[in-house]
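Secondary and tertiary structure notes
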Amino acid sequence: MAQTPLQLLAEYGQSPWLSAPPRRIGLDGELQELVRDHGIKGVTSAGANGDEAGTDVRQACDLMRPLWEASGMRDGYVTLQVDPTLAHDAPRMLAYAKRLRALIARPNLMVGIPATRAGLEAIESAIAARVPVEVTRIYSLARYRQVVDAYARGVERLIGSGGDPAQVASVAAVQLCPVDAEVDRRLDAIGGDATRLKGRLAIANARLIYAEYKQAVASPRCLWVAAPVRGCSDVLYVEELIGSETVVAVTPETIAAVEDHALVADTLERAAAEAPRTFREIEAAGVDLDDVWRVLEARAEQATSPVRA
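Here is a short report on the structure shown in this document. Note that the structure is predicted; figures quoted are calculated from it, not measured.

So, the nonpolar core
Grouped together as the largest cluster of nonpolar side chains are 88 residues, with contacts concentrated most on Ile113, Trp224, Leu289 and Trp293. In this view, Trp293 contacts Tyr139, Ser140, Val179, Leu201, Asn205 and Phe279; residues no more than four positions away in its chain are not counted. Ranked by size, the runner-up nonpolar core spans 12 residues in total, among them Trp17, Met110, Ala173 and Val225.

Given below as structure tokens:
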């Protein structure tokens, strides 16, 4: 039986994870089908909430656990986010992360912690406390470097306490479409020839982040948040960022689009040398990229939609 495009990603070292709340797919057999027929290897679930989501998350964890064991604890995770209203409070984020782990009581639960300033401290402490972490809301290369530093400090503390870092897998979720949406808005305002640069920065940014990942001594795997919003291609971020030791988060809608018309090839490093030039061209057109990162990260710092566990 021929492999689907999503299944073919494994040949290039990339793991597709489903981006959806477990309550949407945990109880009706859809997740089983996605794992069996489409090669889904994890679930990243924003917005799942406390006791309401508990049964669904546990069931999803149980379904993914054989894959978690077979992959040496690299895949097979189900993620659950900390309360976003705690984004400025590192101790409470850490306590919440531990509480989620105790609530779900499954070894393949991964806790999502945002890469806010306080989040960096919580990430370090969570890794040191043997909590697998999905670092969310990463936009810039500079913030990714801070995440890597926090992760490395956490690993050092873990080793110092006698822990094994191989037992605590983590991923760094790099945002894509919000980056292009903000830059493209500014390019439209500039107008003229500048508009030809639309839709290019997020991929260039991801390639620079991946190059940083490959040079780091200790770093969580890069996870590309490939779900598009209006105005972005439905398969662009999947097609252009296929590479080894990465994860791509896809919605059910993106899965359908990938299976229908995506081209699968080893693309992540193919045009890596062009990434710095893309940055220079966009800045030369009049876009202040430092301000772009400030705006995006300020949004990430804002507390939204409390989740109670």
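The discussion continues.
Observations regarding the pattern of salt bridges
Summed over the entire model, instances satisfying the criterion amount to 22 salt bridges. A salt bridge links Glu301 to Arg117; the shortest N-O distance between them is 3.8 Å. Taken as a pair, Glu301 in helix H13 (residues 289–301) and Arg117 in helix H6 (residues 117–128) lie far apart in primary sequence, 184 residues in all. Note that Arg207 is salt-bridged to Glu240, the shortest N-O span being 3.1 Å. You can see Arg207 sitting in helix H9 (residues 201–215) and its partner Glu240 sitting in the loop between helix H10 (236–239) and strand E8 (246–250), a full 33 residues away along the chain. What emerges from the salt-bridge pattern is a single network uniting Glu182, Arg185, Arg186, Asp288, Asp291, Arg294 and Arg299.

Points about the packing of aromatic side chains
This model, assessed by the stated rule, comprises 2 aromatic pairs. Arranged with centres 6.4 Å apart and planes meeting at 40 degrees, the rings of Trp17 and Tyr77 form a pair that is tilted. Residue Trp17 is located in strand E1 (residues 14–19), and its partner Tyr77 is located in the loop between helix H4 (50–70) and strand E3 (78–81); the two are separated by 60 residues in the primary sequence. Look at Tyr77 and you get buried, because its relative accessible area is 0%. The interplanar angle of 25 degrees and the centroid separation of 5.9 Å between the aromatic rings of Tyr210 and Tyr213 together place this pair among those described as stacked. With a gap of 3 residues between them, Tyr210 and Tyr213 both fall in helix H9, about one helical turn apart.

Each value, and the rule that gives it
Here the residue numbering is sequential within each chain, running from 1 through the sequence in written order. Where totals are concerned, whole chains, interfaces and linings use all residues; where local detail is concerned, this predicted model gives features only for residues with pLDDT of at least 70, and gives and counts side-chain atom pairs only at 80 or more. Calculated side-chain values reflect all of the structure's heavy atoms, with hydrogen atoms and water omitted. Among buried residues, those of type Ala, Val, Leu, Ile, Met, Phe, Trp, Tyr and Cys that are joined through side-chain atoms within 4.5 Å constitute a nonpolar core. In this scheme, a residue with accessible area under 20% of its type's maximum is buried, one over 50% is exposed, and one in between is partly exposed, where area comes from a 1.4 Å probe on protein chains only. Here a residue-residue contact requires only that any non-hydrogen atoms of the pair lie within 4.5 Å. Any carboxyl oxygen of Asp or Glu that lies within 4 Å of a side-chain nitrogen of Lys or Arg is treated as forming a salt bridge with it. Numbered from the N terminus, helices here are DSSP runs of H or I no shorter than four residues, and strands are runs of E no shorter than two. For Phe, Tyr and Trp, rings pair up if their centres lie within 6.5 Å, where Trp contributes its six-membered ring, and each pair is then called stacked (planes under 30 degrees apart), edge-to-face (over 60) or tilted (otherwise).

This is a description of form; function is not addressed.
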